[in-house]
Amino acid sequence: QVRLVESGGGLVQAGGSLRLSCEASGSVSRINDMGWYRQAPGKQREFVASITRGGSTNYADSVKGRFTIFRDMAEKMNYLQMNSLNAEDTAVYYCSITVLYEGRYWGQGTKVTVSS
């Protein structure tokens, strides 16, 4: 059983920064992609950022230039550095990974609130 645990969410003022962390544990055979999604109140879950096993990154247009995803494959962790936060970034952020032959797993989410 794969378990993802996020941390690092909280309350921050507009213009501030937060770093989210995600640790994978359990029977993780081979992690392919790691990524982050978010869901704002009343909205659907949306893609934020991802990083492949090879290190290629992809970002939603709304966060390009402000957010950075990076990972430590050996430690089965990935991080989302979020800078220049604004009220539109307020959401529950979910870590997600894809595992070879197993599919996608989700964390329980960590809440980020940006006050204006």
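For the structure, see preceding data.
Here goes a summary of the coordinates provided.

Cut-offs applied
Residues numbered from 1 in each chain as written. Predicted model: local features only at pLDDT ≥ 70, side-chain atom pairs only at ≥ 80, totals over all residues. Heavy atoms only, no water. Helix = DSSP H or I, 4+ residues; strand = E, 2+ residues; numbered from the N terminus. Buried < 20%, exposed > 50% of the residue type's maximum accessible area, 1.4 Å probe, protein only. Lys, Arg positive; Asp, Glu negative; His and termini not counted. Salt bridge = Lys/Arg side-chain N within 4 Å of Asp/Glu carboxyl O. Polar contact = N/O pair within 3.5 Å; in protein donor to acceptor, adjacent residues only side chain to side chain. Contact = heavy atoms within 4.5 Å. Disulfide = S-S within 2.5 Å. Pairing = 2+ DSSP bridges. Axes fitted to C-alpha atoms, helices over the stretch in contact; angles between N-to-C directions. 1 Å grid on protein atoms, 1.4 Å probe; cavity = no way out; pocket = protein on both sides within 12 Å on 5 of 7 lines; lining within 4 Å. Points joined across faces, edges and corners; volume = space filled by probe spheres on them. Nonpolar A, V, L, I, M, F, W, Y, C, P; charged D, E, K, R; others polar. Core = buried A, V, L, I, M, F, W, Y, C linked by side-chain atoms within 4.5 Å.

### Remarks on the side chain of Glu6
Mapping Glu6 onto the fold places it in strand β1 (residues 2-7). Of the side chains with opposite charge, Arg45 lies nearest to the buried Glu6, which makes no salt bridge, at 7.7 Å. Of note is the side chain of Glu6, whose polar atom sits 2.8 Å from the backbone nitrogen of Cys95. A distance of 2.9 Å separates the side chain of Glu6 from the backbone nitrogen of Gly109, its partner in a polar contact. Apart from residues lying up to four places away in sequence, Glu6 is in contact with Ser21, Cys22, Trp36, Tyr93, Tyr94, Cys95, Gly107, Gln108, Gly109 and Thr110.

### Some thoughts on the state of the cysteines
Per the counting criterion, the structure on display carries one disulfide. Residue Cys22 pairs covalently with Cys95 via a disulfide, S to S 2.0 Å. The disulfide joining Cys22 to Cys95 has a torsion of about -75° about its S-S bond and is therefore left-handed. Note that Cys22 is positioned in strand β3 (residues 18-26) and Cys95 in strand β9 (residues 91-99), a separation of 73 residues in sequence. Cys22 sits in the buried class, given a relative accessible area of 1%. Given a relative accessible area of 0%, Cys95 falls into the buried group.

### Notes on the sheet that holds strand β8 (residues 77-82)
Within the open sheet, the four strands sit side by side as β1-β3-β8-β7. Their pairing is antiparallel. With one partner strand each, in any of the chains shown, β1 and β7 (67-72) form the two edges of the open sheet. Averaged over all adjacent pairs, the angle separating strand axes in this sheet is 15°, with direction ignored. Where β3 and β8 come together, six bridges link them in antiparallel fashion. By the bridge assignment, Cys22 is partnered in β8 with Asn78.

### So, the layout of surface pockets
By volume, the largest pocket is sized at about 150 Å³. What lines the largest pocket is simply Arg38, Gln39, Ala40, Lys43, Gln44, Glu46, Glu88, Thr90 and Ala91. By residue class, the composition of the lining of the largest pocket is two nonpolar, three polar and four charged.

### Considerations on the nonpolar core
One finds Trp36, Val48, Phe67, Leu80, Met82, Tyr93 and Ile97 to be the most contacted residues of the largest nonpolar core, which totals 30 residues. At the level of secondary structure, the elements contributing two or more residues to this core comprise β1, β3, β4 (31-39), β5 (46-51), β7, β8, β9 and β11 (110-115). In terms of residue count, the dominant contributor to this core is β9 (five residues). Beyond its immediate chain neighbours, meaning those up to four positions away, Leu80 contacts Leu18, Arg19, Leu20, Trp36, Val48, Ala49, Phe67, Thr68, Ile69 and Tyr93.

### Here's the deal with the environment of Val99
As for its placement among the helices and strands, Val99 is situated in strand β9. Along the chain, Val99 and Thr52 lie 47 residues apart, while their C-alpha atoms are 11 Å from each other. With sequence-adjacent residues up to four places away left out, Val99 is seen in contact with Val28, Ser29, Arg30, Asn32 and Tyr105.

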